[in-house]
Amino acid sequence: MDTGRSGRRFALVSGNVVALGAVSLITDVSAEMVTAVLPLYLVLGLQLSPLAFGVVDGVYTGATALLRVVGGFVADRIRRRKLVAGFGYALSAVAKLGLLLAGRSVPLIGAVIAVDRLGKGVRSAPRDALITASTPPESLGRAFGVHRTMDSVGAFLGPLVAMAVLLAVGRSYDAVFVTSFCVAALAVVVLVLFVRERPSQPPAVGDAPSPTDPADGAAGEDADGGKVAVREVFGLLRDRPARRLVTAAVLLGLATVGDGFVYLLLQRRENVDLTWFPLLAVGTSLVYLLLATPIGLLADRIGRLPVVLGGYAALGVTYLLLAGPVAGWPLLVLALTLYGVFYAATDGVLIALAGPVLPARLRTTGIALVQSGQALAYLVSSVLFGLGWQAWGPENAAGVAAVAVAAVLLVTVLLLAPAYRPVTRKVS
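Residues numbered from 1 in each chain as written. Predicted model: local features only at pLDDT ≥ 70, side-chain atom pairs only at ≥ 80, totals over all residues. Heavy atoms only, no water.

Q: I'm lost on the overall build of the protein chain in this one. Help?
A: Scanning the protein chain from N- to C-terminus turns up 16 helices and zero strands. Scored against the burial criterion, the 428 residues of the protein chain give a buried share of 58%. Long-range pairs, those at least 24 residues apart, make up 86% of the contacts in the protein chain between residues at least 6 apart in sequence. As presented, the protein chain carries roughly 16,600 Å² of accessible surface, and 70% of it is formed by carbon and sulfur atoms. (Helix = DSSP H or I, 4+ residues; strand = E, 2+ residues; numbered from the N terminus. Buried < 20%, exposed > 50% of the residue type's maximum accessible area, 1.4 Å probe, protein only. Contact = heavy atoms within 4.5 Å. Areas by Shrake-Rupley, 256 points an atom, 1.4 Å probe, with all protein chains shown as cover.)

Q: Any chance you could explain the nonpolar core here in plain terms?
A: Burial of nonpolar side chains together is a common tendency in soluble globular proteins. Of all hydrophobic cores here, the largest spans 107 residues; its most connected members are Tyr41, Leu42, Ile109, Tyr263, Leu266, Tyr319 and Phe385. Those residues in contact with Leu266 that lie beyond four places of it in its chain are Asn271, Val272, Leu280, Leu322, Leu331, Leu332, Ala335 and Leu336. (Core = buried A, V, L, I, M, F, W, Y, C linked by side-chain atoms within 4.5 Å.)

Q: It is not clear to me how a nonpolar patch on the surface should be interpreted in this structure. Could you clarify?
A: A cluster of nonpolar side chains, contributed by Leu186, Val189, Val192, Leu193 and Phe194, occupies part of the molecular surface with about 480 Å² of accessible area. By secondary structure assignment, the location of Leu193 is in helix H8 (residues 173-194). On the basis of relative accessibility, which here comes to 48%, the residue Leu193 falls in the partly exposed class. (Patch = residues over 30% accessible without salt bridge, like charges linked within 9 Å, V, L, I, M, F, W, Y side chains within 5 Å. Salt bridge = Lys/Arg side-chain N within 4 Å of Asp/Glu carboxyl O.)

Q: Hey, could you run me through the layout of surface pockets in this one?
A: A water-sized probe, rolled over the atoms, reveals where empty space remains. Of the volumes computed, that of the largest pocket is approximately 220 Å³. Along its surface, the largest pocket is lined by 14 residues, and Ser381, Leu384, Phe385, Val400 and Ala401 are the ones closest to its centre. Contributing elements (two or more residues each) for the lining of the largest pocket: helix H15 (363-392) and helix H16 (394-416). If one sorts the elements of the lining of the largest pocket by residue count, H15 sits on top with six residues. (1 Å grid on protein atoms, 1.4 Å probe; cavity = no way out; pocket = protein on both sides within 12 Å on 5 of 7 lines; lining within 4 Å. Points joined across faces, edges and corners; volume = space filled by probe spheres on them.)

Q: Any chance you could explain the side chain of Lys82 here in plain terms?
A: With respect to the helices, strands and loops of the structure, Lys82 is situated in helix H5 (residues 81-102). There is a polar contact of 2.8 Å between the side chain of Lys82 and the backbone oxygen of Val195. Ignoring anything within four residues of it in the chain, the contact list for Lys82 reads Leu130, Leu191, Val192, Val195, Arg196 and Glu197. (Polar contact = N/O pair within 3.5 Å; in protein donor to acceptor, adjacent residues only side chain to side chain.)

Q: What exactly am I supposed to notice about the environment of Ser139 here?
A: Mapped onto the elements of the fold, Ser139 is located in the loop between helix H6 (106-133) and helix H7 (140-169). Considered as a pair, Ser139 and Ala299 are 160 residues apart in the sequence and their alpha carbons are 9.5 Å apart.

Q: Help me understand helix H13 (residues 304-323), please; the structure alone is not making it clear to me.
A: Residues separated by three or four positions in an α-helix point in the same direction, a consequence of the helix having 3.6 residues per turn. A rise of 1.5 Å per residue sets the reference length of H13, with its 20 residues, at 28 Å; its end C-alpha atoms lie 29 Å apart and thus fit the reference within 8%. Among the 20 residues of H13, 14 are classified as buried, and the element is accordingly described as predominantly covered. (Expected span 1.5 Å × (residues − 1).)

Q: When you look at the pattern of salt bridges in this model, what are you seeing that I'm missing?
A: Two side chains bearing opposite charge may form a pair once their charged atoms approach each other closely. Enumeration according to the criterion identifies six salt bridges in this entry. Between Asp347 and Arg148 there is a salt bridge, with its nearest N and O atoms 3.4 Å apart. You can see Asp347 sitting in helix H14 (residues 328-354) and its partner Arg148 sitting in helix H7, a full 199 residues away along the chain. You can call Asp347 partly exposed: its relative accessible area is 29%. By relative accessible area, Arg148 is classed as buried at 3%. One salt-bridge network, in which partners are shared between bridges, spans Arg127, Asp128, Arg148 and Asp347.

Q: What's the story with the packing of helix H11 (residues 259-270) against H16 in this structure? I'm lost.
A: In helix packing, the relevant descriptors are the interaxial angle and the interaxial distance, both defined with respect to the helix axes. In the contact formed by H11 and H16, the axes pass within 11 Å of each other and the chain directions differ by 140 degrees. Judged on the interaxial angle alone, H16 and H11 are oblique. The way H11 lies across H16 gives a crossing that is left-handed. Between H11, through Leu265, Arg268 and Arg269, and H16, the contact on the second element is made entirely by Pro394, Glu395 and Ala398. Residues of the contact of H11 with H16, tallied by class, amount to three nonpolar, no polar and three charged. (Axes fitted to C-alpha atoms, helices over the stretch in contact; angles between N-to-C directions. Parallel < 35°, antiparallel > 145°, perpendicular 65-115°, else oblique. Left-handed = near helix turned anticlockwise from the far one by under 90°. Nonpolar A, V, L, I, M, F, W, Y, C, P; charged D, E, K, R; others polar.)

Here's what the structure looks like:
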């Protein structure tokens, strides 16, 4: 056996990526426990209308989007990405206890959810920048695939843990929130003990580099010296590839409906018992878990842009299924499978596609801009879908969402295809 080659292959996924994957796994167990029961708690427990749920669901992801950029900028300026990410993880953990204090007050619940998403917004870009900096550039798809696979293990387990808690103590949402906090606190401990800072990597082979990247990729941000200035952040969007990327991310976010709506539509159409409602998220997470790494490897071989476009095509077909005549178990299997394919093909791959386009000095800030653009667009799309549900009915609203995905895919191809070419060098 060629042990040297095996060692190099293993090295393509560094220990830092594995440690960050473990943190995400544990955190996602905590987060998905809450996510799995939140639609039931708000819509069926507190009797929120579809529009009100759309507002809260949008807040869950989008309300603190601008603070993602602040977190990314701070991480780039002080060059302490682990510290900024750790603050975000800790903030989300504390927010789980806030759900207990909020009681049945919808405004307070919205505020607590905003704090929780603030934590996610602050941590996401520094975490992804750490992954980028810890990985050989030509293997970013693999690294993000492995990370998202571990992340999706947590997403798979979270609803199961929530269901187990509900079965053990009755329909006590407070017990779910307390358990979620304990799990989130464990993730912070793992981050502190095992994650290390790493210098940035050069642009990836096969992806279009940014004109602002250093001529010598190995130099990167650490050889640049001075601190990142605010004017550099504003100048980032003057870079044409970065501007096109952020614009495409915003448009794709506008065409994305929240998970809660998808699962509520399935529950409504198939009359899924409330006790088993969390299993809908488990189905999506299982597909994501199985496909994240293979799709990441595929993205490294054929190009990341085609994979992202394929993922959003799967999302459009999911919406068509929710609007169409298919029913029964075929609907459940097809919809949850395609929804899992969407996440596996877009979540990490989009960031792997973005990383090489962004200058090393501002990579965390640039990733935060992409994520913030999508989060703000998601806030808008959640409110619009809630309005559409009330005005036209859920099936018609899903049909409109499918048309929106098709239109946005066309615009995304026009925006990004000229700037990207497939990876031609094979990765062993």
